Amino acid sequence: MTAVTPKYKRVLLKLSGEALMGKDSFGINRQTIAEVVGEIKTVVELGLQIGVVIGGGNIFRGIAAGAAGMDRAQADYMGMLATVMNGLALQDAMRVAGIIARVQSALNVEQVVEPYIRGRAIRYLERGRIVIFAGGTGNPFFTTDTAAALRGAEIGAEIVLKATRVDGIYTADPEKDPTATRFEAIRFDDAISRNLAIMDTTAFALCRDRKLPIKVFSILKPGALKRAVLGEDEGTLVYC
């Protein structure tokens, strides 16, 4: 049997909180999180080193009405705590699947997860552990997309894999415009100038400056993550 070799050695996977809630209106859907972990396990078995930045939208959505009119910084801290909850859920689902994972948080909540320490995270990756980065950047006013760009640069990832509900970047919203077409690849400057809101501008700019490419793909599409790390035509590549 021919051995399958991934194109990359170390990657940063950005998972939105919404990716964990399935068809539910908010919260964590156990079947969905198990399916996501199953996709991750297929690339772990290739020997890939994986860091994961997790969002918190699925939990924060459930309290969004109560947060209306709240101070932005206060709301952002609540969102960061939601990512810690998601990180713990993801770690437990990985445990069930036989994957060893560590959760590190940019917020100091040492009773439940480790603090983010770059050197320790890299050592975990080198030992074949998955590292789940929670707590965003630890600062308000920055999205988890920016946290993904930041952590990807810090750990020396070769690419940021942005998992979404759609299979790449389109000329328009494919859920609203049936004539929208998918980009196979697009430059950072073009993506920014076209205002293609698949990631925020800060994250795009950081990845561009660090020459860290981004692959946008659908986590809901079976096998898409594996095809992305093998360098196959999957999703959209954003490059310098």
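Here, the structure is the one placed above.
Residues numbered from 1 in each chain as written. Predicted model: local features only at pLDDT ≥ 70, side-chain atom pairs only at ≥ 80, totals over all residues. Heavy atoms only, no water.

Student: Go over the pairing of strand 6 (residues 159–164) with me, naming the residues and quoting the values.
Tutor: Of all 6 residues in strand 6, 6 are buried, a share of seventy percent or more. Alternating positions in strand 6 separate into two faces, Ile159, Leu161 and Ala163 on one and Val160, Lys162 and Thr164 on the other, with burial throughout. Bridge analysis of strand 1 (residues 10–15) against strand 6 gives 5 bridges, and the strand direction is parallel. By the bridge assignment, valine 11 is partnered in strand 6 with isoleucine 159. (Buried < 20%, exposed > 50% of the residue type's maximum accessible area, 1.4 Å probe, protein only. Helix = DSSP H or I, 4+ residues; strand = E, 2+ residues; numbered from the N terminus. Pairing = 2+ DSSP bridges.)

Student: Please set out the packing of helix 6 (residues 144–154) against helix 8 (residues 201–209) residue by residue, giving values where relevant.
Tutor: One way to put it is that helix 6 packs onto helix 8 with a least axis distance of 8 Å and a crossing angle of 10 degrees. In terms of their interaxial angle, helix 6 and helix 8 are classed as roughly parallel. Relative to helix 8, helix 6 is oriented so that their crossing is left-handed. From helix 6, Asp145, Thr146, Ala149 and Leu150 reach across to helix 8, where they touch Thr202, Ala203, Leu206 and Cys207. (Axes fitted to C-alpha atoms, helices over the stretch in contact; angles between N-to-C directions. Parallel < 35°, antiparallel > 145°, perpendicular 65-115°, else oblique. Left-handed = near helix turned anticlockwise from the far one by under 90°. Contact = heavy atoms within 4.5 Å.)

Student: Kindly report on the nonpolar core, identifying the contributing residues and their values.
Tutor: Residues Leu13 and Leu15 are the most contacted members of the largest nonpolar core, which totals 36 residues. Listing elements by their share of this core, those giving two or more residues are strand 1, helix 1 (30–44), strand 2 (49–54), helix 4 (72–96), strand 3 (101–105), strand 5 (130–134), strand 6 and helix 9 (224–229). Non-local contacts of leucine 13, meaning those with residues more than four positions away in its chain, are made with Ile40, Ile50, Gly51, Val52, Val53, Leu161, Ala163, Phe217 and Leu225. Counting residues in hydrophobic clusters, the runner-up holds 30 residues, among them Phe133, Ala147, Ile169 and Ile186. (Core = buried A, V, L, I, M, F, W, Y, C linked by side-chain atoms within 4.5 Å.)

Student: Quick rundown of the sheet that holds strand 8 (residues 214–218)? Include the residues and the values.
Tutor: Sheet strands line up and pair through hydrogen bonds in the backbone, either parallel or antiparallel. Read across the sheet, 9 strands follow the order 4-3-5-2-1-6-8-9-7 without closing on themselves; strand pairing throughout is mixed. Only two strands of the sheet have a single neighbouring strand rather than two, namely strand 4 (114–115) and strand 7 (185–187). Pairing between strand 8 and strand 9 (residues 236–239): 3 bridges, direction antiparallel. Within strand 9, the position partnered with lysine 215 by the bridge is leucine 237. Where helix 6 meets the sheet, it contacts strand 1, strand 2, strand 5 and strand 6, and its direction lies at approximately 170 degrees from that of strand 1.

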